[in-house]
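Here's the letter readout for the chains.
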Amino acid sequence: MMFEEEINQIVRNLKPSGIRKFFDIAATRKGVVSLGVGEPDFITPWHIREAAIYAIEKGRTFYTGNKGLPALRKGICDYYRRRFGISFDPEENAIVTVGGSEAIDIVLRTLLKPGDEVILPTPAYVAYAAIIEMAEGKVVEVELKEEDRFKLTPEVLEKAVTARTKAIILNFPGNPTGGIMTHDDYAKIVPILKKHHIFAVTDEIYAELTYEGKHSSIAEFDEIRDQTIVINGFSKAYSMTGYRVGYILAHKDLISMILKIHQYTIMCATTPSQYAAIEAVNNGDNDIAEMALSFKQRRNYIVKELNRIGLKTHMPEGAFYVFPSIKVTGLSSEEFCEKLLDEENLALVPGNAFGQAGEGYVRISYAYSLDEIKIAISRLESFLKNHG
Ligand SMILES: Cc1ncc(COP(=O)(O)O)c(C=O)c1O
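Treat the numbers as computed from the prediction; the structure is a model and nothing was measured.

Conventions we followed
Residues numbered from 1 in each chain as written. Predicted model: local features only at pLDDT ≥ 70, side-chain atom pairs only at ≥ 80, totals over all residues. Heavy atoms only, no water. Domains from an automatic or database assignment. Contact = heavy atoms within 4.5 Å. Buried area = accessible area lost by both parts, 1.4 Å probe. Salt bridge = Lys/Arg side-chain N within 4 Å of Asp/Glu carboxyl O. Pairing = 2+ DSSP bridges. Helix = DSSP H or I, 4+ residues; strand = E, 2+ residues; numbered from the N terminus. Axes fitted to C-alpha atoms, helices over the stretch in contact; angles between N-to-C directions. Near = heavy atom within 4 Å. Polar contact = N/O pair within 3.5 Å; in protein donor to acceptor, adjacent residues only side chain to side chain. Areas by Shrake-Rupley, 256 points an atom, 1.4 Å probe, with all protein chains shown as cover. Nonpolar A, V, L, I, M, F, W, Y, C, P; charged D, E, K, R; others polar. Buried < 20%, exposed > 50% of the residue type's maximum accessible area, 1.4 Å probe, protein only.

*Asks:* Tell me about the domain arrangement of the chain, and name the residues and values.
*Replies:* The domain architecture assigned to the chain consists of domain 1 (9-44 + 287-387) and domain 2 (61-283). For domain 1 and domain 2, the distance between their C-alpha centroids amounts to 25 Å. Domain 1 puts 36 residues into the contact, and the matching count from domain 2 is 37 residues. In total, domain 1 and domain 2 occlude about 3,200 Å² of area from one another, counting both sides; carbon and sulfur atoms represent 60% of this. Of all residues in domain 1, Ile288, His314 and Glu317 bury the most surface against domain 2, accounting for 23% of the area lost on that side. Seen at the junction of domain 1 and domain 2, the total is 3 salt bridges.

What follows is the structure, given as C-alpha cells:
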C-alpha cells in the first residue's frame, strides 16, 4: 500500500467493516438475495417527504444554527417527554447531528482522553469499536449472552470496570441481537455506573422498535442523569436513513463541549432534512406505530421459521434483526456466510463482524419484504440439508 508509513497508524490498522466486505462480494453476483442491511424497506411517509420538498421549494436551503433548527430541537425534546417521559431543554441539552453516526463520533471524541477505556457490550454495532479506537480510547469488550437474552448484567459489568473506565456504550434495543433492557434491568447497573462515575452513552436508535411493552431509557435515572448521553435519530423509526438526521441529548456542559467538534467539522445537519425531521417528530407517531407493527409480524414469522428449519433462534424483543445460532452446522460464522452465498446466493452477516462474542451466530435483518424473507428461508433450509 502506498503511504503506509505516512498515514495515521490508527486509521491504517482499522479493519474494514465485516458487513461491507461481504456485501461488496454479493453486489457483484446475479440473483443474490440479501438480508444483510439494517435499513427499513418503507418509503419515507409522504407528509415527511413533502416537508423536505416544501423546504427546498421555499429556498430553506441555507446553514442553520450549529445546534440545529430551534423548532426541531423543541420537537425532539417534546417527543422524549411524550414517548418516554424524560425531560430535556431544547436550548441547553440538544444538538442535531448528521445521523446517529456523527453523534457517536463526536460524543466519544469529546469524552475520551488517550488510553481511556470504554466498555463495549458485544456483539455490537460495528462502528463503536472503530470510533473508540479513532478517538484513541481502548475498547473493553464484555459479552452479552444468549442465556441472559442479550441483556447487560451487573456481574458482567462489574468485572470489566477499572480505574481507567471512562464510559460504557449501551445500545438497547440492540444491533445485532435485538436485546432490550427494561427499567428493572437498568436499575441493577445504575449503582455501578454511579459509583465509578462511568458515562452512559446510550444509543437509542431502535427505541421505537420495542415489541414487548415500552422502550426504557437509562436517562430515566436521575441519579446518573448528568453522566448520561442519549443518542438517537430518524433513520430507523421513520425510515429516513438517507436524510441523515440524528441528535444528542445531554447535560448542558457536555453539550457545549460536543458542540465545538460539531461546529468545526459539520457546521449543521442538512437543512431540508431538518425540516423533514420536524414534520416526522411532531406528526409521525402513527407512522412509527404502523411500521413497528409490520416489523413485529415479520419478526414473529422469521423466528418461527428459523427454529422450524433447525437454527435455534432467540426471540428478539426489539430492533429488526434476528441472531440465530449456527452452531449445529459446525461452521464458523464466516464459513457459514461464505458457503451460503456461494451455494445458495443468500447474503447474511457473520456474527463475528460484531465482535468475537458473535462467533457461532449470523445476523439476519428482517427489514425486507415478506417475499424476500420467504425466499431466504427456503434457501437456508436447502443449505442446512447439506450442512445440518
Ligand atoms: C446501533 C446503531 N446506531 C447507529 C446507527 C447509525 O444510524 P444513522 O447514522 O443512520 O442514524 C446504526 C445504523 O445501522 C445502528 O445500527
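Continuing now.
*Asks:* How would you sum up the sheet that holds strand S8 (residues 246-249)? Please name residues and give values.
*Replies:* The strand order across the open sheet formed by 7 strands is S2-S8-S7-S6-S5-S3-S4, and the pairing between neighbours is mixed. Here the strands that pair on one side only, and so sit at the sheet edges, are strand S2 (94-97) and strand S4 (138-143). Each neighbouring strand pair of the sheet contributes to a mean axis angle of 20 degrees, computed without reference to strand direction. Lying over the sheet, helix H6 (residues 127-134) contacts strand S3 (117-122), S4, strand S5 (165-170) and strand S6 (199-203), oriented at roughly 150 degrees with respect to S4.

*Asks:* Tell me about the site of the ligand, and please be specific about residues and values.
*Replies:* The local shell around the ligand holds 14 residues, among which Gly100, Ser101, Asp203, Ser235 and Lys236 are the closest. Here an oxygen atom of the ligand sits 2.6 Å away from a polar atom, N or O, in the main chain of Gly100. One nitrogen or oxygen atom from the side chain of Asn175 is found 2.9 Å from an oxygen atom belonging to the ligand. Here the ligand loses 93% of its free accessible area of 390 Å² to cover by the protein chains. The dominant element in the shell around the ligand, judged by the number of residues it contributes, is helix H5 (residues 99-111), at 4 residues. For the shell around the ligand, a count of residues per class yields 5 nonpolar, 6 polar and 3 charged.

*Asks:* Give a description of the sheet that holds strand S9 (residues 321-322) that names residues and reports values.
*Replies:* Strand pairing in a sheet relies on backbone hydrogen bonds. The paired strands run either parallel or antiparallel. Spatially, the 3 strands line up as an open sheet ordered S9-S12-S11, and their pairing is antiparallel. A strand with exactly one partner marks an edge of an open sheet, and here the two such strands are S9 and strand S11 (349-350).

*Asks:* So what's going on with the side chain of Ser294? Which residues, and what values?
*Replies:* Within the secondary structure, Ser294 sits in helix H11 (residues 285-309). For Ser294, the side chain forms a polar contact with the side chain of Arg298, separated by 3.0 Å.

*Asks:* Residue-level account of the pattern of salt bridges, with values.
*Replies:* For the structure on display, the rule yields 21 salt bridges. For the salt bridge of Lys312 with Glu146, the shortest nitrogen-to-oxygen distance reads 3.1 Å. Residue Lys312 is found in the loop between H11 and S9, and its partner Glu146 is found in the loop between S4 and helix H7 (154-160); the two are separated by 166 residues along the sequence. The class of Glu146 is buried, set by a relative accessible area of 15%. The partner of Asp253 in a salt bridge is Lys252, with the nearest N and O atoms 3.7 Å apart. Connected through shared salt-bridge partners, Arg82, Arg83, Glu208 and Asp285 make up one network.

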